[in-house]
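The chain contents come next:
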Amino acid sequence: MYILKALRLAKEGESEDARVAREEKLHERLFRCYLHDAQFDKARGILEKVSDDNLKASLRRAMKMISSWGADNADHHRKLVLDRMPRFKAHLDDVAESYTIGHDQVESLFDNDLEKSCSAQDSVSLMFCGSGDARNIYETIYDISRRERAAIARALIFFDMAVMYVTLKVHKPPPQGIEDAPTIMAYLFASQIIPPEVNEKLQAHIAGLISTLETDDDQVFSWLFVPPHTRHEVVYILRRWKKPDTARYYTTPVVRRGVKARQDLVKRNMPAAFGPMDGDPKGFQKERKWYDDLAALLPSKQFAERRDLPLVSLMENYQRGSKDALGQLADHIDANWATNWTLIDFDHMQDNLELPDALVELPPGVDPDVAKAPPIDEDSLRIAAALLRQPGSSGGIGALQSVANFFESVAVAVVTLSPRLKIEAFTGEMADTLDQIRWGCLEARAEPAGGIDPSTFPRFYDRIHMSNIPD
């Protein structure tokens, strides 16, 4: 725009030679602008106005090379550009790039407008960018059925558990204890500390997923596509969770006290900064006291009888208010329960601990390792409240049971929709991935794998959900 304006301006008293020299320089600049923007017709028009033969020949060669480079194999060259073009992505050193625990209210992307615009035979394409703990993916799958590495690894565990639960539940008779599967998923989703048998189930599913993902020709499910580069990254995370770091600040007692210390800080500091905090939904009050005392979710008596028998009498004494009951219950949890490894990004933790201001300021006298405990301190009851399909109302059931009910409905929905369901899971920088999908040069879709042809996956989506944590 400014070059065109400069060409229109005439300088009084300027000699002819000076005017020609000035226009020659401006024409060359304008030509390069059009060439850079691939406006070749306009570039040719400007080329005709260049009077210097040597300059004109040089510019003509440049245009021939650039125009032929793009026309020869546009898709290939565009892919080269997208693969090699550096992207600046600012981030804070002491803040993780992804969060294994979300904090937004669960919502389905299959909204009323989308439902009205399609029939039961139509396909619906949905994209989730920065899926976090995948709560909105689960809710959307459930809703339709009615009508960054760690995040994918964690989602695969839940899908694996969900499919196995529904598959075994329909057996006659169903296996003993299968009714506990939704509660096991609830613990893994919402609690930082988990009962011993929950950890055993977690490790069994991790081992199975690693075995499948390391076989390049197999997919975890016929409806779930995980490309090779994402497989390697997910397996890396799963192996870290299978053989976690043994540092003391990852042990159950330290993590539990770290969660409690951070929650106490939040209760003291948040109201001053943001005003009064919202109360818990009806039905959560009893668990609120337990969580505030122990930083752990206690199971039902029936679950404890099947999975952690010594816990039954300890819970009964605690609920009666018996002397020393709280300390005995806490000691049992510290000695027998496990840290929920799926909430921890070990690589980020290691980098974070090396920063000068990484540790949380805790009151004097607190175990120094508590300050190093992983920051997985999201309130478990608030996680449960965010999954309620009617916010603020749990129907009178507790937090743990609310999450279990959520995953039971999701499990049934996944299996019900599986003949028509296709999920594509891969890691990558969001803007870069969107560009590659737009231009059809996403390498993850280059070749079929495990009986799934990713070239049929959509480039246009009915709805796109982006994480509310900005990239």
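Residues numbered from 1 in each chain as written. Predicted model: local features only at pLDDT ≥ 70, side-chain atom pairs only at ≥ 80, totals over all residues. Heavy atoms only, no water.

Take the overall build of the chain next. Of regular secondary structure, the chain possesses 21 helices and 6 strands. Relative to its 471 residues, the chain shows a buried fraction of 43%. (Helix = DSSP H or I, 4+ residues; strand = E, 2+ residues; numbered from the N terminus. Buried < 20%, exposed > 50% of the residue type's maximum accessible area, 1.4 Å probe, protein only.)

For A411, the location among the structural elements is in helix α20 (residues 399-417). Residue class for A411 comes out buried when judged on its relative accessible area of 0%. Between the alpha carbons of A411 and F159 there is a distance of 7.6 Å; along the sequence they are 252 residues apart. If near-sequence neighbours (up to four positions away) are discounted, A411 is found in contact with A162, Y165 and V166. (Contact = heavy atoms within 4.5 Å.)

In this section: helix α16 (residues 325-336). In a regular helix each residue adds 1.5 Å, so 12 residues correspond to 16 Å; α16 covers 16 Å between its end C-alpha atoms and thus fits that length. Every buried residue of α16 is accounted for by A325, L329, A330, H332, I333 and D334. (Expected span 1.5 Å × (residues − 1).)

All right, on to the packing of aromatic side chains then. Applying the stated criterion across every chain yields a total of 12 aromatic pairs. Plain terms: the ring middles of Y187 and W337 are 5.9 Å apart, the flat faces sit at 90° to each other, and that makes the pair edge-to-face. Taken together, the residues span a long stretch of sequence, with Y187 in helix α9 (residues 181-190) and W337 in the loop between α16 and β4 (338-339) at a distance of 150 residues. The same class applies to Y187 as to W337, namely buried. (Phe/Tyr/Trp six-rings, centres within 6.5 Å; stacked < 30°, edge-to-face > 60°.)

Here we come to the packing of helix α8 (residues 150-169) against α9. Interaxial distance between α8 and α9 falls to 10 Å at its minimum, and their mutual angle equals 170°. Classed by the angle they form, the pair α8 and α9 counts as roughly antiparallel. Only A181, P182, I184, M185, L188 and F189 of α9 make contact with α8, whose side of the interface consists of R154, F158, M161, A162 and Y165. When its residues are assigned to classes, the contact of α8 with α9 shows 10 nonpolar, no polar and 1 charged. (Axes fitted to C-alpha atoms, helices over the stretch in contact; angles between N-to-C directions. Parallel < 35°, antiparallel > 145°, perpendicular 65-115°, else oblique. Nonpolar A, V, L, I, M, F, W, Y, C, P; charged D, E, K, R; others polar.)

Moving on: the side chain of T252. Position of T252 relative to the elements: it lies in helix α12 (residues 252-274). Residues within four places of T252 in sequence aside, it is in contact with I193, I333, D334, W337, A338 and T339.

Relative to the helices and strands, D308 resides in the loop between α14 (301-307) and α15 (310-320). No salt bridge is formed by the buried D308; the nearest opposite charge belongs to R307, separated by 11 Å. Among the polar contacts made by the side chain of D308, one reaches the side chain of H332 at a distance of 3.2 Å. The residues contacting D308, other than those within four sequence positions of it, are P196, F303, H332 and W337. (Lys, Arg positive; Asp, Glu negative; His and termini not counted. Salt bridge = Lys/Arg side-chain N within 4 Å of Asp/Glu carboxyl O. Polar contact = N/O pair within 3.5 Å; in protein donor to acceptor, adjacent residues only side chain to side chain.)

Counting residues in each nonpolar core, the largest one holds 99 residues, and the members touching the most others are Y138, F159, W223, L224, L238, W241 and L329. With 13 residues, the top contributor of residues to this core is α8. Those residues in contact with W223 that sit more than four places away from it in its chain are F159, V163, V414, S418, L421, K422 and I423. Counting residues in hydrophobic clusters, the runner-up holds 13 residues, among them I3, L35, L55 and L59. (Core = buried A, V, L, I, M, F, W, Y, C linked by side-chain atoms within 4.5 Å.)

Counted according to the given criterion, the structure contains 16 salt bridges. For R256, the salt bridge identified is with D334, shortest N-O distance 2.8 Å. One end of the pair, R256, is in helix α12; the other, D334, is in helix α16, with 78 residues separating them in the sequence. D334 carries the same exposure label as R256, and that label is buried. Between R288 and D292 there is a salt bridge, with its nearest N and O atoms 3.3 Å apart. Remark: D292 and R288 occur in helix α13 (residues 285-294); sequence separation between them is 4 residues, near one turn of the helix. Take R288: its relative accessible area is 13%, and that puts it in the buried class. Members of the salt-bridge network, linked through shared partners, are E179, D180, E197, R306 and R307.

With respect to the element layout, I237 can be found in helix α11 (residues 228-242). A residue is classified by how much of its surface remains accessible, and I237, at 5% relative accessible area, is buried. For I237 and R154, which are 83 residues apart along the polypeptide, the C-alpha to C-alpha distance reads 9.2 Å. Once residues within four sequence positions are removed from consideration, I237 is found in contact with R149, A150 and A153.

So, on to unusual backbone geometry. The phi dihedral of A295 falls on the positive side, at around 55°, and the residue is not glycine. Tracing the chain through its elements places A295 in the loop between α13 and α14. The backbone of D324 sits at a positive phi, close to 65°, despite the residue not being glycine. Within the secondary structure layout, D324 lies in the loop between α15 and α16.

With that out of the way, let us pick up α8. Under the 1.5 Å per step criterion, the end-to-end length of α8 is 28 Å for 20 residues, consistent within 8% with the ideal 28 Å. Counted residue by residue, α8 has 16 buried out of 20 residues, so it is predominantly covered.

Relative to the elements of secondary structure, V198 occurs in helix α10 (residues 196-213). Taking the relative accessible area as the measure of exposure, V198 reaches 0% and is therefore buried. Separated by 14 residues in the primary sequence, V198 and I184 place their C-alpha atoms 5.6 Å from one another. Each residue touching V198, except ones within four places of it in the same chain, is listed here: I184, Y187, L188 and F303.

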